[in-house]
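Survey of secondary and tertiary structure
Spelled out from the first residue to the last, the chains are:
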Amino acid sequence: MRRLIAPLLALPVLASGLLYMGHAEFGRAGPLAEDRTLVVPRGAGLAEIAALLVAEGVISDRWLFAAAARIAGRHARLQAGEYAFAAGVSMRAVLTALAEGRTLERRLSVPEGLTVREIFARIAAADGLTGAMPPLPEEGGLLPETYFFSRGDSRGRLVARMRAALEEALAEAWRARGPSLAIVSPREALILASIIERETGRADEYARISAVFHNRLRRGMRLQSDPTVIYALTGGAGALDRKLRRADLRIDSPYNSYDRRGLPPTPIACPGRAAIAAALHPVASYDLYFVADGSGGHAFARTLAEHNRNVASWRRIERARRGTPRPAPPVAAAPAP
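Note on numbering: residues in each chain are counted from 1, in written sequence order. Local features in a predicted model are, by the rule used here, given only for residues with pLDDT of at least 70; side-chain atom pairs are given and counted only at 80 or more, and totals for whole chains, interfaces and linings are based on all residues. For side-chain calculations, the full set of non-hydrogen atoms in the structure is used, while hydrogens and water are omitted.

Quick notes on the nonpolar core
Nonpolar core, defined: a set of buried Ala, Val, Leu, Ile, Met, Phe, Trp, Tyr and Cys residues in which side-chain atoms within 4.5 Å join the residues together. Each residue gets one of three labels from its accessible area relative to the maximum for its type: buried under 20%, exposed over 50%, partly exposed in between, using a 1.4 Å probe on protein chains only. With 48 residues, the main nonpolar core has Ile 123 and Met 162 as its most contacted residues. Those elements that place two or more of their residues in this core are helix H5 (116-125), strand E4 (146-149), helix H6 (155-175), helix H7 (186-199), helix H8 (206-219), helix H9 (226-234) and helix H10 (273-280). For this core, the leading source of residues is H6, giving 9 residues. Contacts are assigned to residue pairs that have any heavy atoms within 4.5 Å of one another. In contact with Ile 123, not counting residues within four places along its chain, are Leu 108, Leu 129, Met 133, Arg 155, Leu 158, Val 159 and Met 162. Leu 38, Ala 44, Phe 85 and Leu 98 belong to the second-largest nonpolar core, a separate cluster that totals 25 residues. Helix and strand definitions follow DSSP, with helices as H or I runs of at least four residues and strands as E runs of at least two, each counted in order from the N terminus.

Thoughts on H8
With 14 residues, H8 extends 20 Å between its outermost C-alpha atoms, agreeing within 8% with the 20 Å of an ideal straight helix rising 1.5 Å per residue. Most of H8 is tucked away: 10 of the 14 residues are buried. For H8, the set of buried residues is Tyr 206, Ile 209, Ser 210, Ala 211, Val 212, Phe 213, His 214, Asn 215, Arg 216 and Leu 217. Here the buried face of H8 lies against H7, H10, strand E5 (289-292) and strand E6 (298-301). Among the residues trailing H8, Gly 220 stands out with phi positive, at a value near 75 degrees. Multiplying 1.5 Å by the residue count of a helix minus one yields the expected span of that helix.

Things to note about H6
Note on helix geometry: an α-helix contains 3.6 residues per turn, so any two residues three or four positions apart are oriented the same way. Between its first and last C-alpha atoms H6 spans 31 Å; for 21 residues at 1.5 Å apiece the expected length is 30 Å, and the two agree. Looking at H6, one finds that the buried residues are Arg 155, Leu 158, Val 159, Met 162, Ala 165, Leu 166, Ala 169, Leu 170, Ala 173 and Trp 174. Projected onto a plane normal to the axis of H6, the buried residues spread over an arc of 155 degrees and lie on a single side. With respect to the buried face of H6, the exposed residues turned more than 90 degrees away are Arg 157, Glu 167, Glu 168 and Arg 175. The arc in question is traced by the directions running from the helix axis to the C-beta atoms.

This is how it looks when you write it as C-alpha cells:
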C-alpha cells in the first residue's frame with residue numbers, strides 16, 4: 001500500500017511544480033529577437049493562432065499558450081487583425097493583445113488644400129485598406145486630417161468618416177460664426193474657406209485674407225483669386241504644372257473669379273478647420289488687395305495706389321530672383337476692380 005500511496009501523494013506536488021513552471025514561462029520574456037508585425041487571419045482558431053505565433057517566433061510553446069488561453073476563458077475571444085509585437089514580448093502580453101483586439105493602428109495624413117481627386121488617390125494607394133473606392137464626392141466634401149485605421153478596413157468606410165468629419169466641423173463652425181458676414185450659408189463658408197486655404201500656406205494670414213474677400217463680396221467686386229482660375233484649368237486634378245499666364249485669366253469658366261462676380265459654384269479644394277474658422281471670423285479690416293511679399297506671406301492694401309506699390313515691390317523681387325532686368329508682372333497681383 002505504501003508503494004501505491006507514495007506516488008499518489010507526489011502527484012499534487014508534481015502538478016504544483018508544473019503549474020508554477022508554466023506560469024513562470026507564460027510571463028517570461030519570449031523568443032522574439034526584434035519588433036515585428038503579424039497578421040492573424042480571419043476565421044483562425046486557437047490552435048491555428050498558437051501555431052502561427054510559434055512559427056513566427058513570437059512565443060515558444062503553442063501548447064502552453066493554448067492551455068493558458070482556455071484556463072483564462074479567452075480562447076474564444078482572440079481577434080483577427082494586424083498586431084505589432086515588441087522584441088521579447090511575453091506570452092501573457094500576446095494573449096492580452098489578441099483577446100482585447102489591440103490591433104496595429106495605421107494612419108493616413110491628408111494635408112489641407114488638396115482636391116477630392118488628390119485625396120482619393122492617396123486613399124487608393126494606402127497600404128492596409130481594402131475594397132473599391134466609392135463614388136467621388138463633391139469638391140470640398142472631405143475634411144483634411146490624420147485618420148487612423150486598422151488593416152482590412154474598407155476604403156469606403158474611411159471616405160464616409162472623412163465626409164462625416166467635414167459635415168460635423170462645418171456645422172460646428174457655422175454655429176460659432178462671427179457677425180456681419182458677407183456669406184449666408186455653411187456651403188458658402190466652405191467655398192470661401194477653400195479659396196483662403198489655396199491662397200496662402202500661412203495660417204496666421206487666413207483671417208486677414210478672409211477679410212479681403214468679405215470686403216470685396218460686400219462691394220460687389222470680383223474676388224480675382226488665382227487659385228480659382230487654376231481650378232478652372234485643371235478641373236480639380238491637381239496643381240498646374242506651369243505658371244499662370246495672363247491669357248488664363250480670360251478662361252470662360254464659372255470658376256474664373258477674374259471674370260465672374262461672387263463665389264465659384266463649389267469649393268476648389270478641401271479646406272481644413274483653421275481655414276473654415278477664418279472664413280467665418282475675418283479680422284476687422286478695410287483691405288481690398290493683397291500680393292506676395294517675397295517672404296512666403298503677403299502685403300495687404302486698402303487702396304489701389306497702395307496695392308500698385310506693393311506689386312512694384314514684388315516685381316523687383318521676382319526680377320532679382322530671375323537675375324534679369326526685364327519686368328514680368330505677377331499674376332498674383334489683384335488688378336483693379
